[in-house]
Amino acid sequence: MSNPVSEVTIKAILDDNPGYRGSVHEDSVAKAQGYKAALIPGAFVYDYATRLALDLWGSDWMSQGGIQVRFRRPVYDGDTLTLAARPSADGTVDVTVRNEDGEIVVLGTMSAAHGTPAPTLADMKFNAPPATKPALSVADLVPGLQFFTTERVIDDNALNISRRAMGNALPVFVDNAIAHPGCMVRLTMFDVLSSYKFPLAPVFTSVETQNFAMLKAGSIVSTSAQITKVFERNGKIFFESEEFLVADRSVIVARHLRTNLVASA
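Quick caveat: nothing in here was measured; it's all calculated off a predicted structure.

Draft legend 1. Spatial organisation of the side chain of Thr259. Looking at where Thr259 falls in the secondary structure, it is placed in strand S10 (residues 251-264). The class of Thr259 is buried, set by a relative accessible area of 9%. In contact with Thr259, other than residues within four places in its own chain, are Val203, Phe204, Thr205, Ser206, Phe231, Phe238, Phe239 and Glu240.

Dropping the structure here:
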């Protein structure tokens, strides 16, 4: 195995967000379900992995880089994670995240420039949420199903709260008042998860990201998202959601192609 071109050690710490109460992100609930401790949200783990890209390529990665990660095992509150980036034969960089027991919890790849052209704004659909959240059955999960968006301003305070929650104090984000990757994926996730009442609360299992622009404080953000694929694997139902984060209805910031575990077959 080649030596890492970048290696980072991170302590995974869960913040005290009251929204975690009653979920597997609360210690007592997680332990009652057989886990050793509260689970760290996928957006946090994704953000940890992106720090390797920032270490290698700096802020340019935020406007042209790409990353794909798959979560293989839970990450628990208090885990010490070792993140390593190694060059791959195809010119990309392999990403591996291990916990303190040496188990691989995340695998992925990343690149300095993904080379994917941004779609046009004419392709975007911004659907305001209905007064009552619709309930979905598994049969309702079909390619082309559109999600809703709630437009909101992302100000300095929101960015500071997000950085503190995920322990991301990298100067590129603090000094320039721009959103970090975990904040960005959480924005599109929020709109997707808030759109419907799902059969079960969707679990974030993987994501492929292309960055097109930096998201600056003061921007009005919205999401254009739809289901692109539904599939069954090992007795579980998943859907793939293509989520575009857009600033001020004029700048496409990022594309997140996320996989969500949503039900048992």
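Draft legend 2. Expanded view of the nonpolar core. Ranked by internal contacts, the top residues of the largest apolar core, which has 51 residues, are Ile40, Tyr48, Val69, Leu81, Met110, Met184 and Leu215. The dominant element in this core, judged by the number of residues it contributes, is helix H2 (residues 42-57), at 9 residues. Beyond its immediate chain neighbours, meaning those up to four positions away, Tyr48 contacts Ile10, Ala12, Ile13, Ile40, Leu81, Leu83 and Met166. Counting residues in hydrophobic clusters, the runner-up holds 14 residues, among them Leu141, Val192, Phe198 and Phe239.

Draft legend 3. Structural detail: the sheet that holds strand S1 (residues 6-11). Across the sheet, 10 strands lie side by side as S1-S3-S4-S5-S2-S7-S10-S9-S8-S6; this open sheet has antiparallel pairing. Every other strand in the sheet has two partners, leaving S1 and strand S6 (152-154) as the edge strands with one partner each. Between one strand axis and the next, the sheet turns by 25 degrees as a mean value, whatever way the strands run. As paired elements, S1 and strand S3 (residues 80-87) share 6 bridges and run antiparallel to each other. Note on S3: the bridge partner recorded for Ser6 is Ala85.

Draft legend 4. Up close: the pattern of salt bridges. Considering all chains together, one arrives at 10 salt bridges under this definition. Here Asp191 and Arg152 are joined by a salt bridge, their closest N and O atoms 3.3 Å apart. Note that Asp191 is positioned in helix H6 (residues 181-195) and Arg152 in strand S6, a separation of 39 residues in sequence. Among the residues examined, Asp191 registers a relative accessible area of 2% and is labelled buried. With a relative accessible area of 21%, Arg152 lands in the partly exposed category. Overlapping salt bridges bring together Glu208, Glu242 and Arg255 as one network.

Draft legend 5. View of helix H4 (residues 156-166). Along H4, the positions that sit buried rather than exposed are Leu159, Ser162, Arg163, Ala165 and Met166. Mapping the buried residues of H4 onto a view down its axis gives an arc of 160 degrees, with all of them on the same face. The inward-facing, buried residues of H4 abut H2, S6, helix H5 (171-176) and H6. Where H4 ends, the next residue or the one after it, Gly167, has phi of about 65 degrees, a positive value.

Draft legend 6. View of the pairing of S3. In this structure, S3 lies alongside strand S4 (residues 93-98), joined through 6 bridges in antiparallel fashion. Bridged to Pro87 within S4 is Val93. Counting the residues between successive antiparallel strands, the hairpin from S3 to S4 contains 5 residues, one of them, Gly91, with a positive phi of roughly 95 degrees.

Draft legend 7. Summary view of unusual backbone geometry. A positive phi is found at Asn234, a non-glycine position, where the angle reads about 55 degrees. Of note, Asn234 is situated in the loop between strand S8 (219-233) and strand S9 (236-247). Of the residues examined, Asn234 reaches a relative accessible area of 75% and is grouped as exposed. For Asp248, which is not glycine, the phi dihedral falls at a positive 55 degrees.

Rules of the game
Residue indices begin from 1 for each chain and proceed along its sequence in written order. Thresholds applied to this predicted model are a pLDDT of at least 70 for local features of residues and 80 or more for the giving and counting of side-chain atom pairs; totals over whole chains, interfaces and linings are not thresholded and use all residues. Side-chain measures were taken over the full set of non-hydrogen atoms in the model, leaving aside hydrogen atoms and water. Helix numbering and strand numbering both begin at the N terminus, where a helix is a DSSP run of H or I of at least 4 residues and a strand a DSSP run of E of at least 2. Three exposure classes are used, based on accessible area relative to the maximum for each residue type with a 1.4 Å probe and protein chains only: buried under 20%, partly exposed in between, and exposed over 50%. We call two residues contacting when some pair of their heavy atoms lies within 4.5 Å. In these notes, a set of buried Ala, Val, Leu, Ile, Met, Phe, Trp, Tyr and Cys residues joined through side-chain atoms within 4.5 Å is what counts as a nonpolar core. Here, any two strands with at least 2 DSSP bridges between them count as paired. Every angle, taken between N-to-C directions, lies between 0 and 180 degrees, and every axis is a line fitted to C-alpha atoms, over only the stretch in contact when it is a helix. Definition used for salt bridges: Asp or Glu carboxyl oxygen within 4 Å of a side-chain nitrogen of Lys or Arg. Taking the helix axis as origin, the arc is that swept by the directions to the C-beta atoms.

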